[in-house]
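Reading the structure
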Amino acid sequence: KVFPEYRCRGFVIDKHQNIWVASGHGLVIINSETFQLESPKFTEIQTNTPNSNLPSNNIRSVYKDHHNTIWFVTYNDKFGKFSGNLDMQNYQFKTFSTNDFPSQFTIAMLQDSFGTYWMTTQKGLSAFNIEGDTFSLIKNYDETDGLITKGVLSIFEDKDKTLWIATRKGLCKYLRDTNTFTSYAKRQGLSNTFVYNIEEDNHDNLWLSTNGGLFRFHKPSEIFSNYNPKDGVQSTEFNLGAVYKNE
């Protein structure tokens, strides 16, 4: 046994090379510079951890914004940012309510290149601002804005500063000029439309993990290619948060 026996839902690396892992039992932090496989040490932050005000142990995702701030997203509770000090064992967070979102079942967040924050939920996509410790909602988006469904799972910004949204019914692209979305589904060649995660390579391709294998989407031609176990992919079914690109 090396890692605590928790369901891991994603991870992010902070500016001090600490790995923050989201789990169903709180946050687990690994110092990658001092980690030893033979005698591993972890910092676990839970609701009952001394000097911690973590509102819930059910962490859905973690995220690092452009200011190197670490954020956590809970499932059916608050979201927030780390404001403490790991070296001082001060595990404090500034938390924010999810009441202004279309659903408290929040999943993942992102800060785009223009400074706007985005939150994916089970009932739509939300754009909002954080100024200091002040939250302000910009807009909640749903099918009336062009989303193919309210069931939004994750969001990704490519190198061209375009936002792409993974949903339960396909892939969506945010059209900033009109503040609407266009979608890609079976008719456009995405044969399995349950999209979990999105990543980008260095050749104008998006890679989508789905319930029907791995898809490559060539942005200039808008052509999808599918890869499954016959091509060497480990399975046809992926899961939310299981994506990483090594820079």
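All figures in this text were calculated on a predicted structure; none of them were measured in a lab.

**Describing the overall build of the protein chain**
Each helix and strand counted, the protein chain has zero helices and 20 strands in total. By the compact-globule yardstick of 18 Å for 247 residues, the protein chain fits well, its C-alpha radius of gyration being 18 Å. The principal-axis extents of the C-alpha atoms in the protein chain amount to approximately 55 × 45 × 25 Å. Counting the 247 residues in the protein chain, one finds 44% classified as buried. Taking as baseline every contact in the protein chain between residues at least 6 positions apart, the subset at least 24 positions apart corresponds to 43%. Carbon and sulfur atoms make up 43% of the accessible area of the protein chain, which totals about 12,700 Å². Across the protein chain, 25 positive and 27 negative side-chain charges occur, with their mean positions spaced 5 Å apart.

**A look at unusual backbone geometry**
Despite not being glycine, Gln-89 has its phi angle at roughly 55 degrees, a positive value. Topologically, Gln-89 is positioned in the loop between β7 (79–82) and β8 (93–96). Non-glycine residue Lys-161 carries a positive phi angle of around 70 degrees. Note that Lys-161 resides in the loop between β13 (152–157) and β14 (163–167). We classify Lys-161 as partly exposed; its relative accessible area is 45%.

**Topic: the sheet that holds β14**
With antiparallel pairing, the four strands of this open sheet are ordered in space as β13-β14-β15-β16. Only two strands of the sheet have a single partner each, and these edge strands are β13 and β16 (180–184). Each adjacent strand pair in this sheet contributes to an overall mean axis angle of 25 degrees, direction not counted.

**Describing the pairing of strand β9 (residues 106–111)**
Within β9, six of the six residues are buried, which leaves the element mostly enclosed by the surrounding structure. Between the end of β9 and the start of strand β10 (residues 117–121), which pair antiparallel, lie five residues, with Gly-115 showing a positive phi angle near 95 degrees.

**Looking at the side chain of Lys-219**
Relative to the helices and strands, Lys-219 is located in the loop between β19 (213–218) and β20 (223–227). Separated by 3.0 Å, the side chains of Lys-219 and Asp-158 make a polar contact.

**Observations regarding the pattern of salt bridges**
When charged atoms on two side chains of opposite charge get close, those side chains can pair. What the rule picks out here adds up to eight salt bridges. Residues Asp-112 and Arg-176 are paired through a salt bridge, measuring 3.7 Å at the closest nitrogen-oxygen approach. With a gap of 64 residues between them, Asp-112 in the loop between β9 and β10 and Arg-176 in the loop between β15 (170–175) and β16 connect regions that are remote in the sequence. Judged by relative accessible area, Arg-176 falls into the partly exposed class, the value being 32%. In the salt-bridge network here, residues are joined through shared partners; they are Asp-158, Lys-159, Asp-160, Glu-200, Asp-204 and Lys-219.

**Quick word on the packing of aromatic side chains**
Taken as a whole, this structure holds 30 aromatic pairs when the rule is applied. Between Phe-72 and Phe-93 the ring centres are 5.2 Å apart and the planes differ by 85 degrees, which places this aromatic pair in the edge-to-face class. Linking Phe-72 in strand β6 (residues 70–74) with Phe-93 in strand β8, this pair joins segments that are 21 residues apart in sequence. Overall, the relative accessible area of 1% leaves Phe-72 in the buried class.

**Quick look at the environment of Tyr-91**
Within the secondary structure layout, Tyr-91 lies in the loop between β7 and β8. Note on Tyr-91: relative accessible area 9%, which makes it buried. If we ignore the near neighbours within four places in the chain, the residues touching Tyr-91 are Thr-43, Ile-45, Thr-49, Pro-50, Asn-51, Ser-52, Asn-53, Phe-82 and Leu-86.

**A closer look at the pairing of strand β2 (residues 18–23)**
A large share of β2 lies buried, amounting to five of its six residues. With five bridges connecting them, strand β1 (residues 8–13) and β2 associate as antiparallel partners. Bridge pairing in β2 places Cys-8 opposite Ser-23. In sequence, β1 turns back onto β2 through a hairpin of four residues, with Gln-17 there showing a positive phi of about 65 degrees. Relative to strand β3 (residues 26–31), β2 runs antiparallel, the two being bridged by six bridges. Following the sheet pairing, Ile-19 is matched in β3 by Ile-30. What sits between the antiparallel neighbours β2 and β3 is a turn of two residues.

Rules used throughout
- Residues numbered from 1 in each chain as written.
- Predicted model: local features only at pLDDT ≥ 70, side-chain atom pairs only at ≥ 80, totals over all residues.
- Heavy atoms only, no water.
- Helix = DSSP H or I, 4+ residues; strand = E, 2+ residues; numbered from the N terminus.
- Rg over C-alpha atoms; globule rule 2.2 N^0.38 Å.
- Buried < 20%, exposed > 50% of the residue type's maximum accessible area, 1.4 Å probe, protein only.
- Contact = heavy atoms within 4.5 Å.
- Areas by Shrake-Rupley, 256 points an atom, 1.4 Å probe, with all protein chains shown as cover.
- Lys, Arg positive; Asp, Glu negative; His and termini not counted.
- Charge placed at Lys NZ, Arg CZ, Asp CG, Glu CD.
- Pairing = 2+ DSSP bridges.
- Axes fitted to C-alpha atoms, helices over the stretch in contact; angles between N-to-C directions.
- Polar contact = N/O pair within 3.5 Å; in protein donor to acceptor, adjacent residues only side chain to side chain.
- Salt bridge = Lys/Arg side-chain N within 4 Å of Asp/Glu carboxyl O.
- Phe/Tyr/Trp six-rings, centres within 6.5 Å; stacked < 30°, edge-to-face > 60°.

Everything listed is a geometric property; what it means functionally is a separate question.
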